[in-house]
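A closer look at the structure
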Amino acid sequence: MPALHEIQELFKESLLGGASSALLDLVEADGLDPEACLAVYRHHVFTTLTAALEAAFPVVCRLVDPRFFAYAADAFVRQHPPAGPCLDEYGGAFADFLAAFEASTHLSWLPDVARLEWAIHRATNAPAAEPLDPVRLARVAAADMARLRFVPIPGLAYLASPWPVDAIWRAHQEPVRMLPDLAAGSVCLEVTRSAEGIRVRSLDLLSFTFRRTLAEGHTLGEAAEGASHLDLMDLIRHFLEANIFGSFTVATAEGA
Amino acid sequence: MLAGAPWARAGIGLRSRHVSELLTRRPAVPWLEVHPENFMSGGTACASLEAVRRDYPVSLHGVGLSLGTADELDRRHLDRLRSLVDRTQPCLVSEHLSWSTTGGAYLNHLLPLPYTEESLAVVAEHVVQAQEALGRRMLIENPSSYLRFRHSSMGEAEFLAALSRRTGCGILCDVNNLHVSACNVGLDADAYLEMLPAPAVGEIHLAGHAVNDADGRTILIDDHGSRVALAVWVLYRKALARFGPVPTLVEWDTDLPELDVLLGEAHTADGILAEAVGRTEHARAA
């Protein structure tokens, strides 16, 4: 009699790959073909996981058409089944998968559209947070400013792409099938969640690098390296207006 | 068991598409049930659940704990469930007699167990762990079956009864699942109801199923995509006659209808429940 763990591994192989004869031999003949019985379970697994991916990547789905999306999702589920039961957290590896997926390599902008959608999806599901009160920042001693470390609000994400993925994303909020001018060139994007909803901002390279460096946990001094004093005042003013950080700490000399 | 709650009434499974209408109209439905997995990341869904909870008793009906896995329980998921239970103060907490996780992969389905002493030991250990972590009793639901394992040494009802004895857990008797399993793998639904320990049954589920053809044989698919079937209403009356009036929930997940259709199904269940309450009171008086 096979152990439970062995049966469950055989079941997994049979769902994600083809039905294993070792598993089929364990199934009682109740008048139904054991392969047909397994197919009921497999069908549910693939349709629900494909639906979860469609919910996270609606624009990718519109861009490639639902049949191709289902084909890609099928291959993705087999290679990358979810690790846990919260399906709104499933799909983080989909953009990298698409980048390597042979059938869509000609759509070179597609993985970055998927990255943007994943950032938006994560921001949508992030817990709400109060943005930083600028008054608190004004109280920081000038000598401590360079050692400030900011804590991003949940869901904050940065994405640089050689393609105008924000324009592609906006043009496909409804099922229209027209690509914007791909020659429009590269973009540096910031995705945030606020009380008003999700916001996708296009930033200049300086702001993008500065804010992303801060969001990665570097100090203000580190992020400001190379920026002039005037630039820095502007950068700080703009990131405060953007409500992208929730709090800050002053790094100790050792940890700085 | 549940002070001040509208007990022995019929509620509905609440899905995201109906939330805003429910919050606007506040229909007189006695209680609601949600899947906790949809409220674990934070985000706008959690705020809606809090708003719903202010006006309605809410039951948390888990689908992701994988109590039957031969691996360890997912501690992170259990911690998140505990946190949601603390925040929501649900009237009931339930899970399934099934498994979904093996070797780090979560296979999004309630997969079947062989009913053996080994499985019983695994599920019982996990139910005890979960009940300790949550600090409360759970109800465990019978799954819809599409296959059975040859080497099962006991029936499903016997397994659930033993699990309840061993862990103190309650039983969620899904009457639609029982009907689906009876047709697909030849369970005797009446004998099944007789085998379940009546005092342990703390909730009943009702839902619709699809009737499919597989190579000339009928196979019922538990898709929660239609009204409760006549045969399931008949079995529901039998379940109430056996268990007494038990809080009942109507689930609908695919091809979601208008909210009123779902409320109408719950209203029908409520009528049948009221008859059962009447019978119980009559029996007490006699």
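Residues numbered from 1 in each chain as written. Chains lettered and ligands numbered in written order. Predicted model: local features only at pLDDT ≥ 70, side-chain atom pairs only at ≥ 80, totals over all residues. Heavy atoms only, no water.

Details of the pattern of salt bridges
Taken as a whole and judged by the stated rule, the model has 23 salt bridges over all chains. We note a salt bridge from E190 of chain A to R201 of chain A, for which the minimum N-O separation is 2.8 Å. Remark: R201 of chain A occurs in strand β4 (residues 197–202) and E190 of chain A occurs in strand β3 (residues 187–194); sequence separation between them is eleven residues. R201 of chain A shares its class with E190 of chain A; the two are buried. The shortest N-O distance in the salt bridge between R26 of chain B and D55 of chain B comes to 1.9 Å. Of this pair, R26 of chain B sits in the loop between α1 (16–25) and β2 (32–34) while D55 of chain B sits in helix α2 (residues 44–55), and the two are 29 residues apart along the sequence. (Salt bridge = Lys/Arg side-chain N within 4 Å of Asp/Glu carboxyl O. Helix = DSSP H or I, 4+ residues; strand = E, 2+ residues; numbered from the N terminus. Buried < 20%, exposed > 50% of the residue type's maximum accessible area, 1.4 Å probe, protein only.)

Quick look at the packing of helix α8 (residues 230–243) of chain B against helix α9 (residues 259–285) of chain B
Residue and element names in this part refer to chain B. At a minimum axis separation of 10 Å, α8 and α9 run at an interaxial angle of 30°. With respect to each other, α8 and α9 are oriented roughly parallel. In the packing of α8 onto α9, the handedness of the crossing is right-handed. Here W233, Y236, R237, L240 and A241 of α8 lie close against α9, whose contacting residues are E265, T268, A269, I272, L273, E275, A276 and R279. Of the residues contributing to the contact of α8 with α9, the split by class is eight nonpolar, one polar and four charged. (Axes fitted to C-alpha atoms, helices over the stretch in contact; angles between N-to-C directions. Parallel < 35°, antiparallel > 145°, perpendicular 65-115°, else oblique. Left-handed = near helix turned anticlockwise from the far one by under 90°. Contact = heavy atoms within 4.5 Å. Nonpolar A, V, L, I, M, F, W, Y, C, P; charged D, E, K, R; others polar.)

Here's the deal with the interface of chain A and chain B
Counting from both sides, the interface comprises 41 residues of chain A and, opposite them, 49 residues of chain B. Counting the surface lost from both chain A and chain B, the interface buries some 3900 Å², and carbon and sulfur atoms represent 61% of this. For the chain A face of the interface with chain B, the top three residues by lost area are L4, Y41 and P85 of chain A, together amounting to 18%. Linking chain A with chain B are two salt bridges, by the criterion used here. Between D30 of chain A and R148 of chain B there is a salt bridge, with the nearest N and O atoms lying 2.7 Å from each other. Between chain A and chain B we count 18 residue pairs in polar contact (both at pLDDT 80 or more) in total. Here the side of chain A that touches chain B gets nine residues from one element, more than from any other, and that element is helix α1 (residues 4–16) of chain A. Classifying every residue of the side of chain A that touches chain B by side-chain character gives 25 nonpolar, eight polar and eight charged. (Buried area = accessible area lost by both parts, 1.4 Å probe. Polar contact = N/O pair within 3.5 Å; in protein donor to acceptor, adjacent residues only side chain to side chain.)

A few points about the nonpolar core
One broad trend across soluble globular proteins is that nonpolar side chains are buried collectively. Counting 155 residues, the largest nonpolar core has F11 of chain A together with Y236 and F243 of chain B as its most contacted members. Sort the elements by how many residues they give to this core and helix α3 (residues 34–56) of chain A lands first, with ten residues. Looking at which domains feed residues into this core, each of domain 1 (1–107) and domain 2 (129–256) of chain A supplies at least three. In contact with Y236 of chain B, not counting residues within four places along its chain, are V175, I204, L206, T248, A269, I272 and L273 of chain B. Counting residues in hydrophobic clusters, the runner-up holds 24 residues, among them L148, C188, L214 and A224 of chain A. (Core = buried A, V, L, I, M, F, W, Y, C linked by side-chain atoms within 4.5 Å. Domains from an automatic or database assignment.)

Some thoughts on unusual backbone geometry
The residue D65 of chain A is not glycine, and still its phi comes out positive at about 80°. Looking at the element boundaries, D65 of chain A is found in the loop between α4 (58–64) and α5 (66–79).

With respect to the confidence of the model for chain A
Considering every residue of chain A, the mean pLDDT works out to 91; 97% of them sit at 70 or more. Per-residue pLDDT, averaged within each element of chain A, yields its smallest value for helix α12 (residues 229–241) of chain A (86) and its largest for helix α6 (residues 94–100) of chain A (98). (pLDDT = per-residue confidence, 0-100.)

Topic: the sheet that holds β3 of chain A
Residue and element names in this part refer to chain A. Strand order in the open sheet formed by three strands is β2-β3-β4, and the pairing between neighbours is antiparallel. Whereas interior strands pair on both sides, the edge strands pair on one side only; in this sheet they are β2 (157–161) and β4. Between one strand axis and the next, the sheet turns by 20° as a mean value, whatever way the strands run. The pairing of β2 with β3 spans five bridges and is antiparallel. Within β3, the position partnered with A157 by the bridge is V191. (Pairing = 2+ DSSP bridges.)

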